[in-house]
Amino acid sequence: FLCVRACFVCACVSIGQFRIFFHPSKSRVVPPLATMAANLGRICGSKLLGTSAGVGLQQVKQLSTTKAWTNGQKKLIASVGAVTGGLGALLFALESSVEASGTEVHPPAMPWSHKGIISSLDHQSVRRGYEVYKQVCSACHSMRYIAYRNLIGVSHTEAEAKAEAEQIMVRDGPDDTGNYFDRPGKLSDYFPSPYPNEEAARAANNGAYPPDLSYIVSARKGGEDYVFSLLTGYFDAPAGVVLREGQYFNPYFPGGAISMAQVLYNEVIEYSDGTPPTTSQLAKDVATFLKWTSEPEHDERKQLTIKAFGILAFLAVISYYIKRHKWSTLKSRKIVFVPKEK
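- Per an unreviewed UniProt entry, the recorded name for the protein chain is Cytochrome c1, heme protein, mitochondrial, and the organism is Ceratitis capitata.
- In its Function (unreviewed entry) section, the UniProt entry covering the protein chain states "Electron carrier protein. The oxidized form of the cytochrome c heme group can accept an electron from the heme group of the cytochrome c1 subunit of cytochrome reductase. Cytochrome c then transfers this electron to the cytochrome oxidase complex, the final protein carrier in the mitochondrial electron-transport chain."
- Its UniProt record gives the protein chain a comment under Subcellular location (unreviewed entry), which states: "Mitochondrion inner membrane".

Printed below as a string of C-alpha cells:
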C-alpha cells in the first residue's frame, strides 16, 4: 500500500511538472490549472493517502468535481445523455424493423465445417465446388479476379492446374508481325468470362446482368448461407405473386422474382471423386468454393490465430514469472517506523 501511495504521489508531482505552466508576461497559474491544483489539494487533504484502512464514503464523495457544476450544466449533460440513448434505441429499432419488413426470407445458419475459430475450409469440397462452377455456373457468371495459379495447393496440384488452364483458349498478341492469335491458357491467366461485355451479358439474360462471383460471398449478407439457400430455394410462385416472362420465384432473393432459373438438380453433373451429386451437395460444394474465392487467405488467417495464441500464452507465463520475481522483494519486505527520541 505504501508503494502504491508513493507511486500516486509521484504521479501527482509529475502531473504538476508537466501541466502547470506560467503566462509569458504574468507570474500566475492559469485558472484551469489552479482548479487542478485545488483538486489535488483536496485529495491530499482527505487523508486517502494515509495508512488507515478505513476510508469513509463521505471522504470519497468530497473528491467529486460534480459539486462545482451548476444546475444548468447538470441538466444539459442529462439531456445530452438522454438524447444519445434515445437515438441509439431508435436506430436499433429502425434496423430491426427494416429487416423484419423485408420482402425476402432470411437464410438459416448452416453448420459449415469452417465456421470454427481454428477450422479450415474443406478442400475436397472446394475442389468439387470448382467442378460445379466450371460445368454449371461459368456458362453465365464470370470470375475475373481468380487465376488458375490460385488453385495450386488449395484444390489442385500444379500439374492439374496447368491442365485446367490449357483447356481454354486465350486471345494474345500482337506477335512479331502485329497479328493477334489464340493460345492455350497458362497458370497466370484468369478464369474466362462467358460474355465479351456487359451489354452482351444482358442481351443473353433478358436484361439481367449476371454478377461476377469472385467475391460474391463477401458481397451478400448471409455469405455462404445466402448462396446455399438461394440455389436450393426455388418454389412455385404463391397466389398473388405475378412474375414477368423469364422470371422465377425464389423467396431468398430480394423481391422474390429472380431472372436466374434453377440450375442445380440431382445428378446434373458427375463428380470426379464419385460423391453423389445431389442438389444440396452441389449447392454446399459451390458455396464452399465461393467462400474460398472471396477469402483466399481464410486458412492462413486461422493458422496465424493459432500461432498468435501460442505466442501470447508463452509470453503470459514469462510475464507472470518475471512479475513474481521482481515483486517478491517488495511484497516480502518489512517497513518499520521508528520515531525520533526526544
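## Considering the pattern of salt bridges
Argument step 1. Applying the stated criterion across every chain, the model contains 16 salt bridges.
Argument step 2. With its nearest N and O atoms 2.9 Å apart, the salt bridge here joins Glu 164 to Lys 134. Residue Glu 164 is located in helix α6 (residues 158-165), and its partner Lys 134 is located in helix α5 (residues 123-135); the two are separated by 30 residues in the primary sequence.
Argument step 3. Under the relative-accessibility criterion, Glu 164 is labelled buried at 15%.
Argument step 4. The exposure class of Lys 134 is partly exposed, given its relative accessible area of 33%.
Argument step 5. Its salt-bridge partner being Asp 212, residue Arg 144 comes within 3.8 Å of it at the nearest N-O pair. Of the two residues, Arg 144 is situated in the loop between α5 and α6 and Asp 212 in the loop between α7 (198-204) and α8 (216-219); the sequence distance between them amounts to 68 residues.
Argument step 6. On the basis of relative accessible area, Arg 144 is assigned to the partly exposed category, the value being 43%.
Argument step 7. On the basis of relative accessibility, which here comes to 15%, the residue Asp 212 falls in the buried class.

## Some points on the packing of aromatic side chains
Argument step 1. Scanning the entire structure with this criterion turns up eight aromatic pairs.
Argument step 2. Judged by centre distance (5.9 Å) and plane angle (50°), the rings of Tyr 130 and Phe 191 are tilted. With Tyr 130 in helix α5 and Phe 191 in the loop between β2 (181-184) and α7, this residue pair connects regions lying 61 residues apart in the sequence.
Argument step 3. Tyr 130 gets classed as buried once you look at its relative accessible area, which sits at 4%.
Argument step 4. For Phe 191, a relative accessible area of 5% gives the class buried.
Argument step 5. Summarising the aromatic geometry, the rings of Tyr 133 and Phe 191 are spaced 6.1 Å apart at their centres and angled 20° between planes, so their arrangement reads as stacked. You can see Tyr 133 sitting in helix α5 and its partner Phe 191 sitting in the loop between β2 and α7, a full 58 residues away along the chain. In terms of burial, Tyr 133 and Phe 191 fall into one category: buried.
Argument step 6. Pairwise contacts between aromatic rings join Tyr 130, Tyr 133, Tyr 148, Phe 191, Phe 289 and Trp 292 into one cluster.

The rules behind each value
- Residues numbered from 1 in each chain as written.
- Predicted model: local features only at pLDDT ≥ 70, side-chain atom pairs only at ≥ 80, totals over all residues.
- Heavy atoms only, no water.
- UniProt positions renumbered as here; feature names shortened; annotations may be inferred.
- Salt bridge = Lys/Arg side-chain N within 4 Å of Asp/Glu carboxyl O.
- Helix = DSSP H or I, 4+ residues; strand = E, 2+ residues; numbered from the N terminus.
- Buried < 20%, exposed > 50% of the residue type's maximum accessible area, 1.4 Å probe, protein only.
- Phe/Tyr/Trp six-rings, centres within 6.5 Å; stacked < 30°, edge-to-face > 60°.

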